[in-house]
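# Summary of structural features
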Amino acid sequence: MIVDHAYELVTDDVFLRLDGLLPHAELFLKLEGLNPAGSVKLKTATGLVEDAERRGLLRPGGALIESSSGNLGIALSAVCAAKGYTFTCVTDPHVPRQSVALMRAFGAHVCVVDTPDGNGGYLGSRIALIRSALDLDPSLTWLNQYANPANPAVHAARTAAAVLRELRAVDYLFVGAGTTGTVMGCATHFRRHSPRTTVVAVDAEGSVTFGGPPGTRRIPGLGTSRVPEICRPRDVHRVVSVPERDAVLMCRRLARSHGLAVGGSTGSVLSAVLRLRSGIPPGARVVALSADLGDRYLDTVYDDAWVAGHFGPAVAAPPGRSRLPGPGATKAAPEEVR
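Treat the numbers as computed from the prediction; the structure is a model and nothing was measured. (Residues numbered from 1 in each chain as written. Predicted model: local features only at pLDDT ≥ 70, side-chain atom pairs only at ≥ 80, totals over all residues. Heavy atoms only, no water.)

Scanning the model with the defined rule gives 19 salt bridges in all. Among the ionic pairs, Asp51 bridges to Arg54, the shortest N-O distance being 4.0 Å. Residue Asp51 and its partner Arg54 are both found in helix H1 (residues 41-54); the two are separated by three residues, about one turn of the helix. Arg275 serves as the salt-bridge partner of Asp246, at 3.1 Å between the closest nitrogen and oxygen. Of the two residues, Asp246 is situated in helix H7 (residues 244-258) and Arg275 in helix H8 (residues 264-275); the sequence distance between them amounts to 29 residues. With relative accessibility at 41%, the residue Arg275 sits in the partly exposed group. One salt-bridge network, in which partners are shared between bridges, spans Asp12, Lys30, Glu32 and Lys43. (Salt bridge = Lys/Arg side-chain N within 4 Å of Asp/Glu carboxyl O. Helix = DSSP H or I, 4+ residues; strand = E, 2+ residues; numbered from the N terminus. Buried < 20%, exposed > 50% of the residue type's maximum accessible area, 1.4 Å probe, protein only.)

See the structure below:
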């Protein structure tokens, strides 16, 4: 494969068959993190920027601004660097430090909002800051991933189409819901081309996206404190809200059982699969979308101290046996860790 731009390196045909989680059915994990931006949001970023270019909103040397909890900010930073645009990402304290560092490596300006909105999150505050910036500098272009139909459109045309192209028959599709662009785009495509497929939106407890009560959320990627304009709950068949504790447990379990470190939203998506497993018939073909990999969560989801501090030592304890001797020990004694 030879391409002219890094943002064209989207791998839409990589699936991992997951054994053990759903023994009576086929479970495939669609790995979206194997691209230069490291997440499914590279498609979102490219779609939003190219749509703005087609509509004449972006001209050479233009300046973009967008709100992001991390992944879209990284993807837009990469796309803007390649296309010669200036980019400012408005984010919040939950963004992983690795994500901020990567955005800055691509030349982006990063503004961290630390005042929560009325629902205890930061999305409303981030958007308020963007509106203030637009008032001060009308030359800025806000792509507005939360209301822009180009967001779900790119995932209907690429993400969902790739699932059907590669696997042909799909009985269940589980997709995490952040801005809801990916899940709404997938729902649109599957409704037209595979109406028999049950599309499940996976949300985080504490998110208001699908009408749940607001609450504290620490892991970026899923959920909102403000309902995105592109969200159409009636387009999906089921909504499953997952506690962050379960997402963390699943991420750490998958790392040690399959040698794959995934992001927090993937832990939520796979936890949702297990929650619905009793209703999934034998032999069904199930696809779960993994938005990103785990390297951006080493300070949180995969850090024992962080996990123990937020979810308790039982969640932080690794499964299996520890065979390492303690300081000064001469003989290792296997110790059961539960």
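From this point, things continue past the structure.
Okay, the packing of H1 against helix H5 (residues 150-167) next. Where H1 meets H5, the closest approach of the two axes is 9 Å, and the angle between their N-to-C directions is 120 degrees. Here H5 runs oblique to H1, going by the angle between their axes. With respect to the hand of their crossing, H1 and H5 are arranged in right-handed fashion. Contacts between H1 and H5 pair Lys43, Thr44, Gly47, Leu48 and Asp51 from the former with Ala150, Asn151, Val154, His155, Arg158 and Thr159 from the latter. Here the contact of H1 with H5 is composed, by residue class, of three nonpolar, five polar and three charged. (Axes fitted to C-alpha atoms, helices over the stretch in contact; angles between N-to-C directions. Parallel < 35°, antiparallel > 145°, perpendicular 65-115°, else oblique. Left-handed = near helix turned anticlockwise from the far one by under 90°. Contact = heavy atoms within 4.5 Å. Nonpolar A, V, L, I, M, F, W, Y, C, P; charged D, E, K, R; others polar.)

Model confidence for the chain is summarised by a mean pLDDT of 92, while 94% of its residues fall at 70 or above. Counting contacts from residues 321-338, a segment whose pLDDT is below 50, to residues more than four positions away or on other chains yields 15 contacts. (pLDDT = per-residue confidence, 0-100.)

Taking strand neighbours across the sheet as the criterion, the four strands line up as S5-S4-S3-S6 in an open arrangement whose pairing is parallel. Among the strands making up the open sheet, the edge pair consists of strand S5 (109-112) and strand S6 (140-142). Neighbour to neighbour, the strand axes of the sheet diverge by 25 degrees on average, direction disregarded. As defined by bridge partners, strand S3 (residues 63-67) adjoins S6 across three bridges and the pair is classed as parallel. For Leu64, the partnering residue across the bridge sits in S6 and is Thr141. (Pairing = 2+ DSSP bridges.)

You can see Leu143 is positioned in the loop between S6 and H5. With relative accessibility at 4%, the residue Leu143 sits in the buried group. Put simply, Leu143 and Ala247 are 104 residues apart on the chain and 30 Å apart in space, counted from C-alpha to C-alpha. Once you skip the residues sitting within four places of it in the chain, Leu143 turns out to touch Leu48, Val49, Ala52, Leu64, Ile65, Glu66, Leu76 and Asn148.

We now examine the pairing of strand S2 (residues 26-31). Strand residues, when the strand is regular, have side chains that alternate between the two faces of the sheet. Of all six residues making up S2, five are buried, and the element is well covered by its neighbours. Across three bridges, strand S1 (residues 15-17) lies against S2 in antiparallel orientation. Looking across to S2, one finds that Leu16 is bridged to Leu29. Here S2 runs beside strand S10 (residues 285-290); their pairing, made up of six bridges, is parallel. Its bridge partner lying in S10, Phe28 is registered against Val287.

Before going further, it helps to examine H5. Its 18 residues place the ends of H5 25 Å apart at the C-alpha level, agreeing with the 26 Å of an ideal helix rising 1.5 Å per residue. Where H5 bends most, at Ala156, the angle is about 35 degrees. Among the 18 residues in H5, 13 count as buried, and that is most of the element. (Expected span 1.5 Å × (residues − 1). Bend = angle between axes of the 7 residues up to and from the residue.)

Within this structure, the stated rule accounts for zero disulfides. In this structure Cys80 is a free cysteine whose sulfur lies 10 Å from that of Cys89, the closest cysteine sulfur available. Cys80 gets classed as buried once you look at its relative accessible area, which sits at 1%. In this structure Cys186 is a free cysteine whose sulfur lies 14 Å from that of Cys231, the closest cysteine sulfur available. The class for Cys186 is buried, based on a relative accessible area of 1%. (Disulfide = S-S within 2.5 Å.)

With that settled, consider the side chain of Glu244. Residue placement: Glu244 occurs in helix H7. Arg218 provides the closest opposite charge to the buried, unpaired Glu244, separated from it by 4.6 Å. Engagement of the side chain of Glu244 in a polar contact is seen with the backbone nitrogen of Arg218, the distance being 3.0 Å. The residues contacting Glu244, other than those within four sequence positions of it, are Arg217, Arg218, Ile219 and Phe311. (Lys, Arg positive; Asp, Glu negative; His and termini not counted. Polar contact = N/O pair within 3.5 Å; in protein donor to acceptor, adjacent residues only side chain to side chain.)

Contact geometry for helix H2 (residues 71-83) and helix H3 (residues 97-105): axes closest at 8 Å, N-to-C directions at 15 degrees. Taken together, the axis directions place H2 and H3 in an arrangement best described as roughly parallel. Our pair here, H2 against H3, has a crossing hand that is left-handed. Two secondary-structure elements touch here, H2 through Gly73, Ile74 and Ser77 and H3 through Ser99, Leu102 and Met103. Its residues placed into classes, the contact of H2 with H3 shows three nonpolar, three polar and no charged.

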